[in-house]
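What the coordinates show
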Amino acid sequence: LIKVKVFGIKTPSVLNEELIREALKQDICVLRNFEIATGFNKQLFEPECFIKEHPNDTIDIVTQDPEIKTFHRTKNDKEGMRLADYLKYQKQMQVKDENGFIKFGVNIDIGNWKPQINELVAKIPEEFLF
């Protein structure tokens, strides 16, 4: 496992060029307290909001055999699922499907999710946006 660099953010001013440059050097990092320091609205990204606002949007699914320790696709065909159905599946205590596999949601087009896009653009430094 790789080590994860953790950056503590107490105020928006801490999210400066030096921190951004250092964060971008990392394979993975955590910006702790980001939502508190910037006023980021996490509620816009809660599953309940997605189900309410975008239940019929489609999410791509990758299926994995839980016995395999690497991320190896057990199916190569593209599978899609309604977002509401996937989030219900994800909430289940037993997350394996009827064949014993785990389904991961991997891609979703949020191009028409205006409140979420506006929040990301307003609060996340430009260098982190893709």
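Rules used throughout
- Residues numbered from 1 in each chain as written.
- Predicted model: local features only at pLDDT ≥ 70, side-chain atom pairs only at ≥ 80, totals over all residues.
- Heavy atoms only, no water.
- 1 Å grid on protein atoms, 1.4 Å probe; cavity = no way out; pocket = protein on both sides within 12 Å on 5 of 7 lines; lining within 4 Å.
- Points joined across faces, edges and corners; volume = space filled by probe spheres on them.
- Nonpolar A, V, L, I, M, F, W, Y, C, P; charged D, E, K, R; others polar.
- Core = buried A, V, L, I, M, F, W, Y, C linked by side-chain atoms within 4.5 Å.
- Buried < 20%, exposed > 50% of the residue type's maximum accessible area, 1.4 Å probe, protein only.
- Helix = DSSP H or I, 4+ residues; strand = E, 2+ residues; numbered from the N terminus.
- Contact = heavy atoms within 4.5 Å.
- Salt bridge = Lys/Arg side-chain N within 4 Å of Asp/Glu carboxyl O.

1. Focus on the layout of surface pockets
Taken as a whole, the largest pocket encloses approximately 260 Å³ of empty space. In terms of residue class, the lining of the largest pocket is made up of 8 nonpolar, no polar and no charged.

2. Structural notes on the nonpolar core
Of all hydrophobic cores here, the largest spans 9 residues; its members are Phe50, Ile59, Ile61, Met81, Leu83, Tyr86, Leu87, Tyr89 and Trp113. With 4 residues, helix 4 (residues 83–91) is the single largest residue contributor to this core. If we ignore the near neighbours within four places in the chain, the residues touching Ile61 are Glu79, Gly80, Met81, Tyr86, Lys103, Phe104, Gly105 and Val106. Counting residues in each nonpolar core, the second largest holds 8 residues, with Phe7, Ile9, Phe34 and Ala37 among its members.

3. Some details on the pattern of salt bridges
With the rule as written, the count across this model stands at 5 salt bridges. Of the charged contacts, one joins Glu22 and Lys25 as a salt bridge, the two residues approaching to 3.9 Å between their closest N and O atoms. Classification of Lys25 by relative accessible area gives exposed; the value is 62%. Its salt-bridge partner being Asp85, residue Arg82 comes within 3.0 Å of it at the nearest N-O pair. Residue classification places Asp85 among the partly exposed positions, given a relative accessible area of 34%.

Purely geometric stuff here, so don't read any function into it on its own.
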